Each structure stands twice: as structure tokens, then as C-alpha cells.
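Per-entry structural report
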Amino acid sequence: MHLDFGIISSGLPFLWTGFQYTVQLTAVSAIGGLFFGTLLALARLSSIKWLSTFAAGYVNLMRSIPLVLVIFWFFFLMPLVLQAMGGSERPVQIGAERTAGRASNPSQEGRSIPRTRWG
Amino acid sequence: MHYNWNWGVFFQELPGGGEEYWQLIVWGIGWTLAVSACSWVIAIALGSVIGTIRTTNSPWLVRFGNGWVEFFRNVPLLVQMFLWYFVIPEFIPPLKSWVVRTDPAHAQFVSAVLCLGLFTSARIAEQVRAGIQSLARGQRAAGMAIGLTQPQVYRFVLLPMGFRIIIPPLTSETMNLIKNSSVALTIGLAELTFRAREMGEYTFNFFEAFTAATLIYIVIAMTANRVMAYVEKRVAVPGYIAGGGK
């Protein structure tokens, strides 16, 4: 077979955007993971019974289901949760292009994920 | 939040007719378990060998083992899955012609098993190495002193205790392997998560399908956990390490 490694150098700018997104996602999730993970650890050590039970249950649940399934859950559940939180008429669409992607666009800065986009 | 649950959806027929959705999920469980079981065997076998040679005093074996672990641990599982399914057959013409001829499910299954088996073998190798190195130095020396050869020291002294020590991390790794098998959906393998999503797309009852998948994964994880705890209890050496586990 014929390998064309030139495609790597010509595709570098494209790969670079992907790499940036990887780094952003990693940084945000690492900070979030550390923050919520610490809270969960504290909750698990708490002497308040329901709080430590909840934390243990959450940890066991999240550890026993695949990440892919968690992502699907969030992708399909979040529109409804955001709808309920924001009082929107329709489920709020989410996705990389609509949230993280928009946030780096100056004209969209300062706007929350919100209903205005769907009128 | 408002959502109308419709649990009856599992007993609706598929668009093609004949089967009902719950059967789709059951087939998915079958593939998940089959992929997990086959790759677990590969992972344990290779992981034990690689982990063991990393503790020998042959520098080349140690280097090979280290390289193996670094490679398979540092490339994302998803990328490895694509490599096994899309890239490697391109380099091996007989394999390529088999992939083209055979049922896609077979090619996906073989790719997923090899990928997960090798990926997990690197992680198990790390644990086996840690288990062996956590043993008191005197054990190896004592084995040598009574005249055992190096393979005999491993076979009769180091590995039996090393494996007992690493049963808890091996349990986690087994559960990880089962969960990681869901990544095979990206190459089209119709395992549990794939089927749950497919069912959601046909019926728009995503939450029912995902709830079922979530509960099934919990049951599988708990079962794996119980089995490993039982093994740990059965093989515990009295007085050496805390028998049982939780």
C-alpha cells in the first residue's frame, strides 16, 4: 500500500485545533474533577448518614458504568435539565459546537447557553 | 423537569418485525460479555508475562516490558481501537481480504478483543510488577539459597504470593475492562451501549434504554466484584494477608 505522510503536515492546522480542544477539555475536567472529587470525599467521610450514603452511592454508580454511557446520559439528559433550570419552552441543545465552541467566539462572549438562540 | 416514561417500549417490535427491543438489549449483553471474557484471558496471560519479565535482571527483557507498558498505556483506547480495526488490516493483505470477506461482526469482534486484551495487558503488567516488587527481598534470596533456578523462584515463590496481593487491583481492572468494552461501539460492534443507543434512536425513548443499560452494567460490575472477592477469600494464605476483602 502507498502511504502519504505529507497529509500529516498539510493537516497540522486542523489537528492543532483538535489538540487545543483536547487540552481545554482536559484542563476543565481536571479542575472540575478535583473540585467535585474533593467534595465527594468529604461527603463520604461525613458523619451525616444520608450524605455519606449519597456520596458512596454516587461513586459506586459512576465507577460501574462506562464513560461512553455517561457521555450519552449527559448528552440526552442535559437539554431537559437546562430547560427546567432556565424555564425554556424547548429542550436546550448542547454540543461542542454550541457551547465550548461558541464561548471562544468573541461576539458570543458573555452570553449564557440560553434560549435566545432558538428564539 | 418533565418526561413521560414509557417502559412498555421494551416489548415493542423492531421496525423490521419479529424481535422486540428487549431482545436487542440481551444480544448486546452477550457481545459485551463475550468481548470482555476473551480479552480478559489475553490480558491476564500477556500481562502476567510482561509484568514478570519487568522484574527479572535481564536489561533487554526489562526494556521490552517497559516499552510495551508505555506504548499501550499512553495511546488512548479509542485510537487503539481504530488502529486495530481500520489501519492494521491495511498492512497485512491476507488479513485485509479476510476482513472484506467475513461478516463485519466477526472482524469487529476480533479487533475489539485484540485491542482491549493488549491495552489491559499493559495495565495488568504494571500491577503484576508492583505485586512482585512489594514482596520482601528475602523471598527471592531465600528461593535462590535453597537452590531454585530463576524460573522456579518465580513459579513457586514470587508469583503465587504476588498474584494474591494484587487481587484487589485486578478486580478494578476487570471492571474497567468490562466498561471499556463499550468503546467497541465506535467500530460498530453491537454491544450493550451500542444497542441502548440504537434503541433510543429507533424509539426516541433514550432514557428508558440508557436506564436499562446502566442497571445491567451495575449488575455485571457487582457480579465481577463478588466473584473476585470470593476468589480472594478462597486463595488467601492464613496469617499472610488479610483474607476476604469486601
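A brief structural summary. Keep in mind the model is a prediction, meaning the values are calculated, not measured.

1. So, the overall build of chain B
- The secondary structure content of chain B amounts to 10 helices and zero strands.
- The order of α-helices and β-strands along chain B, N terminus first, is α-α-α-α-α-α-α-α-α-α.
- Considering only C-alpha atoms, chain B reaches an extent of 70 × 50 × 30 Å along its principal axes.
- In chain B, which comprises 246 residues, the share counted as buried stands at 35%.
- Residue pairs at least 24 apart in sequence account for 73% of intrachain contacts in chain B once pairs closer than 6 positions are excluded.

2. Quick look at the interface of chain A and chain B
- Opposite the 12 residues of chain A that make contact, chain B presents 19 residues.
- Per-element tally for the side of chain A that touches chain B: the top contributor is helix H4 (residues 67-86) of chain A, with eight residues.
- Residue composition of the side of chain A that touches chain B, by class: 11 nonpolar, one polar and no charged.

3. Examining the nonpolar core
- In terms of nonpolar packing, the biggest core is built from 54 residues, with Val-35, Met-81, Ala-112, Ala-184, Leu-189, Ala-196 and Ala-213 of chain B touching the most fellow members.
- Residues contacting Val-35 of chain B, with those up to four places away along its chain left out, are Phe-109, Ala-112, Val-113, Leu-116, Ser-181, Ala-184, Leu-189 and Glu-191 of chain B.

4. As for the packing of helix H3 (residues 77-91) of chain B against helix H5 (residues 104-133) of chain B
All names here are of chain B.
- In the contact formed by H3 and H5, the axes pass within 9 Å of each other and the chain directions differ by 135 degrees. Judged by the inter-axis angle, H3 sits oblique to H5. Between H3 and H5 the crossing geometry is right-handed. Seen from H3, the contacting residues are Leu-77, Gln-80, Met-81, Trp-84 and Tyr-85; seen from H5, they are Gln-108, Ser-111, Ala-112, Leu-114, Cys-115 and Phe-119.
- By residue class, the composition of the contact of H3 with H5 is eight nonpolar, three polar and no charged.

5. What to know about unusual backbone geometry
- If you check the backbone angles, Phe-204 of chain B has positive phi at about 65 degrees while not being a glycine.
- Note on Phe-204 of chain B: 12 C-beta atoms within 10 Å, which makes it exposed.

6. Quick word on H3 of chain B
All names here are of chain B.
- Its 15 residues give H3 an end-to-end C-alpha distance of 20 Å, which sits within 8% of 21 Å, the value for a rise of 1.5 Å per residue.
- Approximately 40 degrees is the largest bend angle found in H3, and it occurs at Leu-83.
- For H3, every residue scored as buried is listed here: Met-81, Trp-84 and Tyr-85.
- In this structure, the buried side of H3 is in contact with H5.

Calculation rules
- Residues numbered from 1 in each chain as written.
- Chains lettered and ligands numbered in written order.
- Predicted model: local features only at pLDDT ≥ 70, side-chain atom pairs only at ≥ 80, totals over all residues.
- Helix = DSSP H or I, 4+ residues; strand = E, 2+ residues; numbered from the N terminus.
- Buried ≥ 20, exposed ≤ 12 C-beta atoms within 10 Å, placed from the backbone.
- Contact = placed C-beta atoms within 7 Å.
- Nonpolar A, V, L, I, M, F, W, Y, C, P; charged D, E, K, R; others polar.
- Core = buried A, V, L, I, M, F, W, Y, C linked by C-beta atoms within 7 Å.
- Axes fitted to C-alpha atoms, helices over the stretch in contact; angles between N-to-C directions.
- Parallel < 35°, antiparallel > 145°, perpendicular 65-115°, else oblique.
- Left-handed = near helix turned anticlockwise from the far one by under 90°.
- Expected span 1.5 Å × (residues − 1).
- Bend = angle between axes of the 7 residues up to and from the residue.

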